[in-house]
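Coordinate inspection notes
Now for the letters of each chain:
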Amino acid sequence: IGTRELAAASLGSAYWSAIWYFMLGVSTALDTLASQAHGAGDAHAVRQWAIIASVVLLALCLPAAGLLCAAEWVVSAAFGQPAEVSAMVGVYCVALIPGLPFLALFTGLQKYQQSQCGVRDPNQQVACVTASGRPHAPMCDPAVCRVRMAPSVWVYALTNLLNVAFNYVFIW
């Protein structure tokens, strides 16, 4: 791999991140809306918010795909990169398009489970312990959330296995 290839991968990754982080920011609305519905005990509303968020994320895949298709032009015009590097960025970004809907749906599922205590990161655990003053408060108990977390873990594991298989077939 040469410097042009590394430059193209770096620019393509940065461009992709800017697009994806916007979509991820939109998905955080589900954190508030679904969590509030879950706190109110309204399971139907939690499911409705998850469906709405998934539809919105899927709809955002269309403009995101358009922006990814325009990556070569954007990198050339906005960043003044050579045509060869811009072309490689365009190829890289176009190759990301087929994964957009799956990433959007996975993110919707993850936010749905997170709103019901299904996914917990270390920051949430620290906040939970700090708020309750007890490390084993009912709302902090990992056993309470373990069952809801399982689907997200299985989907993540399956997609990683598929990623390894596709990398083997298409790259090596």
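Residues numbered from 1 in each chain as written. Predicted model: local features only at pLDDT ≥ 70, side-chain atom pairs only at ≥ 80, totals over all residues. Heavy atoms only, no water.

**Topic: helix H5 (residues 83–96)**
When the terminal C-alpha atoms of H5 are compared, their 20 Å separation across 14 residues agrees well with the 20 Å that a helix rising 1.5 Å per residue should span. Three or more residues of H5 are buried, namely Val 85, Ser 86, Val 89, Gly 90 and Cys 93. Each buried residue of H5 sits inside an arc of 140° when the element is viewed along its axis, so together they form one side. Facing away from the buried surface of H5 by more than 90 degrees, the exposed residues are Val 91 and Ala 95. In the core, the buried residues of H5 are packed alongside helix H1 (3–27), helix H3 (43–69) and helix H4 (71–79). (Helix = DSSP H or I, 4+ residues; strand = E, 2+ residues; numbered from the N terminus. Expected span 1.5 Å × (residues − 1). Buried < 20%, exposed > 50% of the residue type's maximum accessible area, 1.4 Å probe, protein only. Arc of directions from axis to C-beta. Contact = heavy atoms within 4.5 Å.)

**A short note on the packing of H1 against H5**
At a closest axis distance of 8 Å, the pairing of H1 and H5 adopts a crossing angle of 45°. Accordingly, the angle class assigned to the pair H1 and H5 is oblique. Seen along the crossing, H1 lies across H5 with a hand that is right-handed. Of the residues in H5, those in contact with Arg 4, Glu 5, Ala 7, Ala 8, Ala 9, Leu 11, Gly 12, Ser 13, Tyr 15 and Trp 16 of H1 are Glu 84, Val 85, Met 88, Val 89, Tyr 92, Cys 93 and Leu 96. (Axes fitted to C-alpha atoms, helices over the stretch in contact; angles between N-to-C directions. Parallel < 35°, antiparallel > 145°, perpendicular 65-115°, else oblique. Left-handed = near helix turned anticlockwise from the far one by under 90°.)

**Considerations on H4**
What H4 keeps buried is the set Ala 71, Val 74 and Val 75. Down the axis of H4, the sector holding all buried residues measures 95°, keeping them to one side. Relative to its buried face, H4 has exposed residues pointing more than 90 degrees away, namely Trp 73 and Ala 77. Of the surrounding secondary structure, the elements contacted by the buried residues of H4 are H1, H3 and H5.

**A short note on the side chain of Ser 54**
Positionally, Ser 54 belongs in helix H3. Using a relative accessible area of 14% as the deciding quantity, one classes Ser 54 as buried. Setting aside its immediate chain neighbours within four residues, Ser 54 contacts Leu 105 and Gly 108.

**Topic: the pattern of salt bridges**
The final tally for this structure, using the stated rule, is one salt bridge. A salt bridge links Glu 84 to Arg 4, with the shortest nitrogen-to-oxygen separation between them at 3.3 Å. Of the two residues, Glu 84 sits in helix H5 while Arg 4 sits in helix H1, which places them 80 residues apart along the sequence. Residue Glu 84 is classed as partly exposed on the basis of its relative accessible area of 42%. (Salt bridge = Lys/Arg side-chain N within 4 Å of Asp/Glu carboxyl O.)

**A look at the confidence of the model for the protein chain**
Mean pLDDT over the protein chain works out to 80, with 78% of the residues at or above the 70 mark. Averaged over each element, pLDDT in the protein chain is lowest for helix H7 (residues 122–132) (51) and highest for H5 (93). (pLDDT = per-residue confidence, 0-100.)

**Let's talk about the nonpolar core**
The tendency in soluble globular proteins is for nonpolar side chains to be buried as a group. Grouped together as the largest cluster of nonpolar side chains are 21 residues, with contacts concentrated most on Tyr 15, Met 23, Leu 68, Val 89, Cys 93 and Leu 100. Put simply, the parts of the chain that give this core at least two residues each are H1, H3, H4, H5 and helix H6 (100–115). Among residues more than four places away in sequence, those in contact with Tyr 15 are Leu 67, Leu 68, Ala 70, Ala 71, Val 74 and Cys 93. If you look at the next biggest cluster of nonpolar residues, it comprises six residues, including Leu 30, Ala 37, Ala 45 and Ala 53. (Core = buried A, V, L, I, M, F, W, Y, C linked by side-chain atoms within 4.5 Å.)

**What to know about the environment of Val 91**
Note that Val 91 resides in helix H5. For the pair formed by Val 91 and Glu 72, sequence separation is 19 residues and the distance between their alpha carbons is 8.0 Å.

**Regarding the packing of aromatic side chains**
Each aromatic ring pair is summarised here by two numbers: the centre-to-centre distance and the angle between the ring planes. Counted under the stated rule, the structure contains one aromatic pair. When the centroid spacing of 6.0 Å and the interplanar angle of 10° are considered together, the rings of Trp 16 and Trp 20 count as stacked. You can see Trp 16 and its partner Trp 20 sitting in helix H1, four residues apart, about one turn around the helix. By the burial criterion, Trp 16 is buried, and Trp 20 matches it. (Phe/Tyr/Trp six-rings, centres within 6.5 Å; stacked < 30°, edge-to-face > 60°.)

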